[in-house]
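Coordinates in review
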Amino acid sequence: MTGTFWYMNRKQKQLIFIAACLIIIAIMGVVLYKYMEYQEAYNKIHLVFKEPQNKYEVNTQLEPISFIKETNAQDIIYPKIDTSKVGEHTYVYVAIDASGNQREFILVLNVVDSIKPIIKLKTESVSVIKGFKDIDFKSYIKESYDPVEGKIDPKIEVPSDYKSIGAHQIVYTVTDSHNNTEKAILKFTVKEEIKKNEAKMKTIQKIIAILQIHQKIPMMQKHTQVNHH
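Nothing here was measured: the structure is a model prediction, and the numbers come from that model.

Inspection of the secondary structure assignment puts Thr-173 in strand E12 (residues 166–175). If near-sequence neighbours (up to four positions away) are discounted, Thr-173 is found in contact with Pro-154, Lys-155, Glu-157, Thr-181, Glu-182 and Lys-183.

Taken as a whole, this structure holds two salt bridges when the rule is applied. The salt bridge partner of Glu-143 is Lys-120, with a shortest N-O separation of 3.6 Å. Taken as a pair, Glu-143 in strand E9 (residues 141–146) and Lys-120 in strand E7 (residues 118–121) lie far apart in primary sequence, 23 residues in all. Asp-134 serves as the salt-bridge partner of Lys-163, at 2.8 Å between the closest nitrogen and oxygen. A residue pair is termed long-range when its members are at least 10 positions apart, and Lys-163 in the loop between strand E11 (155–157) and E12 and Asp-134 in the loop between strand E8 (125–129) and E9 qualify at 29 residues. Judged by relative accessible area, Lys-163 falls into the partly exposed class, the value being 38%.

What follows concerns the sheet that holds E7. Overall, antiparallel pairing links the three strands, which are arranged E7-E9-E10 in an open sheet. Edge positions in the open sheet fall to E7 and strand E10 (150–151), since each of these has one partner strand only. Alignment of E7 against E9, held across four bridges, turns out to be antiparallel. Pairing of Ile-118 across the sheet is with Tyr-145, part of E9.

The subject of this paragraph is the sheet that holds strand E5 (residues 87–96). Here we have four strands laid out as an open sheet, ordered E2-E6-E5-E4, and mixed in their pairing. The two strands at the open ends of the sheet, each matched to only one other strand, are strand E2 (56–57) and strand E4 (75–77). Across 10 bridges, E5 lies against strand E6 (residues 102–112) in antiparallel orientation. Across the sheet, the residue bridging to His-89 is Leu-109, located in E6.

A word on unusual backbone geometry. At Asn-59, a position not held by glycine, the phi torsion is positive, near 65°. For Asn-59, the location among the structural elements is in the loop between E2 and strand E3 (68–71).

This structure, assessed with the given rule, holds nine aromatic pairs. For the ring pair Phe-132 and Tyr-162, a centre distance of 6.1 Å and an interplane angle of 55° mean the geometry is tilted. Within this pair, whereas Phe-132 is found in the loop between E8 and E9, its partner Tyr-162 is found in the loop between E11 and E12, the two being separated by 30 residues in sequence. A relative accessible area of 15% places Tyr-162 in the buried class. Seen in terms of ring centroids, Phe-137 and Tyr-140 are 6.5 Å apart; in terms of plane orientation they differ by 40°. Their pairing is tilted.

What counts, and at which threshold
Residues numbered from 1 in each chain as written. Predicted model: local features only at pLDDT ≥ 70, side-chain atom pairs only at ≥ 80, totals over all residues. Heavy atoms only, no water. Helix = DSSP H or I, 4+ residues; strand = E, 2+ residues; numbered from the N terminus. Contact = heavy atoms within 4.5 Å. Salt bridge = Lys/Arg side-chain N within 4 Å of Asp/Glu carboxyl O. Buried < 20%, exposed > 50% of the residue type's maximum accessible area, 1.4 Å probe, protein only. Pairing = 2+ DSSP bridges. Phe/Tyr/Trp six-rings, centres within 6.5 Å; stacked < 30°, edge-to-face > 60°.

And the structure:
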């Protein structure tokens, strides 16, 4: 075939060349027409989203269909909306017309975590006697966790003078990865030794007894004077 082409005269070669060009142009025309036809159908596919909220709380259940305000699509391929992770998420909706043409629409949602962690103590207050041994303040924690992230160990703030006599505050602070914070306070009281307290009580009892005696003496004198009359 190639050898035959070279033996053709110039006019025949020109005719073949023109025919080939016309075929190519015809094919390109068909492709262009189909593309324009597709583009027109593509542009006619319509989907409008409702205005989303600025923020959605983590782990909120959201139905993808609930975000569609209006559409002329024959069918829609919905994305799976996952709000288990904090951040900005992009979801792709694929709208399909009656001829099977598809068009993608993008929905962006912002997921946040504003839920505070939870910390509870076994008791609100503890009293000890001066001279006590070291205390494990961690043992007073009943539970400490974040509803989203799970168990979190709190930071425990113990005053440097917590062994001195008087009332102290032990502060438990739990913070999640998004800086949501919650606190609990343990009232920690250090009292004097029991022996010293007993000695004080005996002294007070003696003073009361003496005061009672002094009160009785005038009463007795009055009673004696009445008898003499």
